[in-house]
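# Secondary and tertiary structure notes
These are the residues of each chain, in order.
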Amino acid sequence: MYKIKIGMKIVLLGYMGSGKSTIGYLLANTLACEFLDLDTYMERAEGISIPEVFEQRGEIYFRKKEEEYLKEVLALEKDLVFSTGGGTPVYGRNMETMLRATPNVVYLKVSLDKLVQRLAPEKEGRPLIARIPDQELHEFIGKHLFERSFFYQKARYVVACDGKTPEEIVSEIQSLIQSL
Ligand code: S3P
């Protein structure tokens, strides 16, 4: 089985609902290494859920902590598949920080229609879209994705995910990483 180098990280990024956690978990299992999700890491460290962080402490606090925890995780000396939050690459110098830490930065690219389809039924648990009326969701996500794509596209690898199974996406990522 292919094994990543000690201390090597594979970082997954992409919009909310792009499958970062699902793919990350599966990829880590395949590579027999640890999987870590930045939101989960923050929830553990803060002792409250992400929606609660937004509600009780605000987005500015969330973004500051997100940057701090990102650096903390990237400094861990172990193999990791690491999924970021949808906004992580967009704030501060996070994208540069990730690209400097590892060559394995992968953008999971999912079409707008597919994202809206996935996010509409679960928007309540997502602070940034929870209050967007259903009929405005497509337009909101479209604009948001457009703004964020500039940052996502800086990833070393872009994997188009529409129409592929999680297993297919995982093996595509593996072959990209192996060809380093
Ligand atoms: C956010 C995405 C969320 C979470 C927070 C903010 C964003 O992560 O970090 O709600 O700015 O897009 P997921 O992309 O894992 O849902």
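Structure's up top.
Just so it is clear, the structure is predicted and the values come from calculations on it, not from any experiment.

## Observations concerning the overall build of the protein chain
What the protein chain contains, in helices and strands, is seven helices and five strands. For the protein chain, the C-alpha radius of gyration of 16 Å lies close to 16 Å, the compact-globule estimate for 180 residues. Projecting the C-alpha coordinates of the protein chain onto the three principal axes gives extents of approximately 45 × 35 × 25 Å. Across the 180 residues in the protein chain, those meeting the buried criterion constitute 46%. Residue pairs in contact within the protein chain that sit at least 24 positions apart in sequence constitute 74% of those at least 6 positions apart. In the structure as shown, the protein chain presents an accessible area of about 9,200 Å², 53% of it carried by carbon and sulfur atoms.

## What about the pattern of salt bridges?
Taken as a whole, this structure holds 10 salt bridges when the rule is applied. Salt-bridge contacts for R63 lead to E66; the nearest nitrogen and oxygen are separated by 2.9 Å. Of this pair, R63 and E66 both sit in helix α3 (residues 50-74), three residues apart, roughly one helical turn. Like E66, R63 is buried. Residue K164 pairs with E172 through a salt bridge whose shortest N-O separation is 3.0 Å. On the basis of relative accessible area, K164 is assigned to the partly exposed category, the value being 31%. Its relative accessible area of 27% is what places E172 among the partly exposed residues. Sharing partners across several salt bridges, the network here consists of E59, R63 and E66.

## As for the side chain of D37
Considering the arrangement of structural elements, one finds D37 in strand β2 (residues 34-37). No salt bridge is formed by the buried D37. Its closest oppositely charged neighbour is K20, at 7.1 Å. Reaching out from D37, the side chain makes a polar contact with the backbone nitrogen of D39 at a distance of 3.3 Å. Within the structure, the side chain of D37 is placed 2.6 Å from the side chain of S83, a separation counted as a polar contact. Sequence-distant contacts of D37, defined by excluding residues within four places in its chain, comprise S21 and S83.

## Digging into the nonpolar core
Ranked by internal contacts, the top residues of the largest apolar core, which has 51 residues, are V106, L108 and I173. Among the elements that make up this core, the one with the highest residue count is α3 (eight residues). Not counting residues within four places of it along the chain, the set of residues in contact with L108 comprises L12, L13, G14, S18, G19, K20, I23, V159, C161, I169 and I173.

## Examining helix α6 (residues 134-152)
For α6, spanning 19 residues, the distance from its first C-alpha to its last is 25 Å, which sits close to the expected 27 Å at 1.5 Å a residue. Maximum bend of α6: about 30 degrees, positioned at F146. Three or more residues of α6 are buried, namely L137, I141, H144, L145, R148, S149 and Y152. Of the surrounding secondary structure, the elements contacted by the buried residues of α6 are β1 (9-13), α3, β4 (105-109) and α5 (112-119).

The rules we used
- Residues numbered from 1 in each chain as written.
- Predicted model: local features only at pLDDT ≥ 70, side-chain atom pairs only at ≥ 80, totals over all residues.
- Heavy atoms only, no water.
- Helix = DSSP H or I, 4+ residues; strand = E, 2+ residues; numbered from the N terminus.
- Rg over C-alpha atoms; globule rule 2.2 N^0.38 Å.
- Buried < 20%, exposed > 50% of the residue type's maximum accessible area, 1.4 Å probe, protein only.
- Contact = heavy atoms within 4.5 Å.
- Areas by Shrake-Rupley, 256 points an atom, 1.4 Å probe, with all protein chains shown as cover.
- Salt bridge = Lys/Arg side-chain N within 4 Å of Asp/Glu carboxyl O.
- Lys, Arg positive; Asp, Glu negative; His and termini not counted.
- Polar contact = N/O pair within 3.5 Å; in protein donor to acceptor, adjacent residues only side chain to side chain.
- Core = buried A, V, L, I, M, F, W, Y, C linked by side-chain atoms within 4.5 Å.
- Expected span 1.5 Å × (residues − 1).
- Bend = angle between axes of the 7 residues up to and from the residue.

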